[in-house]
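Analysis of the macromolecular model
Take a look at the letters that make up each chain.
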Amino acid sequence: MSWRLRSSGYEAACAIRAYALGLYTRRLGEAARRRLVPVHVTLAAKAPRRHEALAELYGTRNIDFEAPDSSITFLARDLKAPAPHAQPGLSAVLRRHAEQTLAAAVPLRNWLDLFRTALVSSHDEATPALSTIARRMALSTRTLQRRLDEHGTTWSREVETVRRAHITTLLHDTDLGIDAVAARSGYADARALRRAVHRWYGTTPAALRRIGPDGAGAGARK
């Protein structure tokens, strides 16, 4: 019998779930008053250099990493055997509590969300550098570009998306002139900014400022 828990691709979330499943295994054993050892464990996380702690937690070294799902598989007879410490109705209460907690929880962000957060936070009146974001995420620049490719995007595309949002905000929320907006957005001059705005929205920065954020969103080009 196999119990599964869906996992995201984000490594930290997978690591948390890996230990959560291990602790759940221990709680099952405590209720049964004997140690329950899984016949197989799969974890949707990269294999660590050493995983003795996980092997001790699960009671087995039969652990497969980088699986599509995190799961623990027990013999059916172990799960069907009497559990002297199990309280009648407790499983239903715990299930309802888990469902309510999950419904109210903030979803764990995936890697691309975290990358975009780092990119936006570094956009300080200039074009962010690839090396800066890579260092902030503890990656090499080559690995960062590879990860972006795995998520179906590129560095230049992500930078342009952030720049477009930054420029649109400056035009709608400030009285800065076009030259100042260009300087704060990493463009060489107002002419380069006008070309970019026309490419995105099919209009000029001045016209974009007049139509407001709702009109800008509706007129954005893919």
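Cut-offs and rules
Residues numbered from 1 in each chain as written. Predicted model: local features only at pLDDT ≥ 70, side-chain atom pairs only at ≥ 80, totals over all residues. Heavy atoms only, no water. Buried < 20%, exposed > 50% of the residue type's maximum accessible area, 1.4 Å probe, protein only. Helix = DSSP H or I, 4+ residues; strand = E, 2+ residues; numbered from the N terminus. Pairing = 2+ DSSP bridges. Core = buried A, V, L, I, M, F, W, Y, C linked by side-chain atoms within 4.5 Å. Contact = heavy atoms within 4.5 Å. Expected span 1.5 Å × (residues − 1). Axes fitted to C-alpha atoms, helices over the stretch in contact; angles between N-to-C directions. Parallel < 35°, antiparallel > 145°, perpendicular 65-115°, else oblique. Left-handed = near helix turned anticlockwise from the far one by under 90°. Nonpolar A, V, L, I, M, F, W, Y, C, P; charged D, E, K, R; others polar. Salt bridge = Lys/Arg side-chain N within 4 Å of Asp/Glu carboxyl O.

**A closer look at the pairing of strand β4 (residues 70-73)**
Of the two faces of β4, the one carrying Ser70 and Ile72 and the one carrying Ser71 and Thr73 are both buried. Pairing between strand β2 (residues 40-43) and β4: three bridges, direction antiparallel. Along β4, the bridge assignment pairs Val41 with Ile72.

**Here's the deal with the nonpolar core**
Of all hydrophobic cores here, the largest spans 15 residues; its most connected members are Ile167, Leu171, Val181, Tyr187, Leu193, Val197 and Trp200. Put simply, the parts of the chain that give this core at least two residues each are α8 (155-173), α9 (178-184) and α10 (190-201). Looking at this core element by element, the count peaks at seven residues for α10. Among residues more than four places away in sequence, those in contact with Ile167 are Val181, Ser185, Tyr187, Leu193, Val197 and Trp200. With 14 residues, the next largest nonpolar core counts Trp111, Phe115, Leu119 and Val162 among its residues.

**Some words on α8**
With 19 residues, α8 extends 27 Å between its outermost C-alpha atoms, agreeing within 8% with the 27 Å of an ideal straight helix rising 1.5 Å per residue. For α8, the set of buried residues is Trp155, Glu158, Val159, Val162, Arg163, His166, Ile167, Thr168, Leu170, Leu171 and His172.

**Considering the environment of Leu208**
For Leu208, the position within the fold is in helix α11 (residues 205-219). For the pair Leu208 and Thr168, spaced 40 residues apart in the sequence, the C-alpha separation amounts to 8.0 Å.

**Some details on the packing of helix α5 (residues 111-121) against α8**
Contact geometry of α5 with α8 gives a least axis separation of 10 Å together with a crossing angle of 55°. Put simply, α5 runs oblique to α8. Between α5 and α8 lies a crossing of right-handed hand. Residue-level inspection shows Phe115, Arg116, Leu119 and Val120 of α5 in contact with α8, the latter providing Trp155, Glu158, Val159 and Val162. Class assignment for the residues of the contact of α5 with α8 results in six nonpolar, no polar and two charged.

**Description of the pattern of salt bridges**
Throughout the structure, instances matching the rule amount to four salt bridges. Among the salt bridges present, the one from Glu150 reaches Arg146, with a minimum N-O distance of 2.9 Å. Of this pair, Glu150 and Arg146 both sit in helix α7 (residues 141-150), four residues apart, which is roughly one turn of that helix. Residue Arg146 is classed as partly exposed on the basis of its relative accessible area of 44%. Residue Glu160 is joined to Arg199 by a salt bridge in which the shortest nitrogen-to-oxygen separation is 3.0 Å. Linking Glu160 in helix α8 with Arg199 in helix α10, this pair joins segments that are 39 residues apart in sequence. The exposure class assigned to Arg199 is partly exposed, which follows from its relative accessible area of 43%. Put simply, Arg146, Arg147 and Glu150 are held in one network by salt bridges that share partners.

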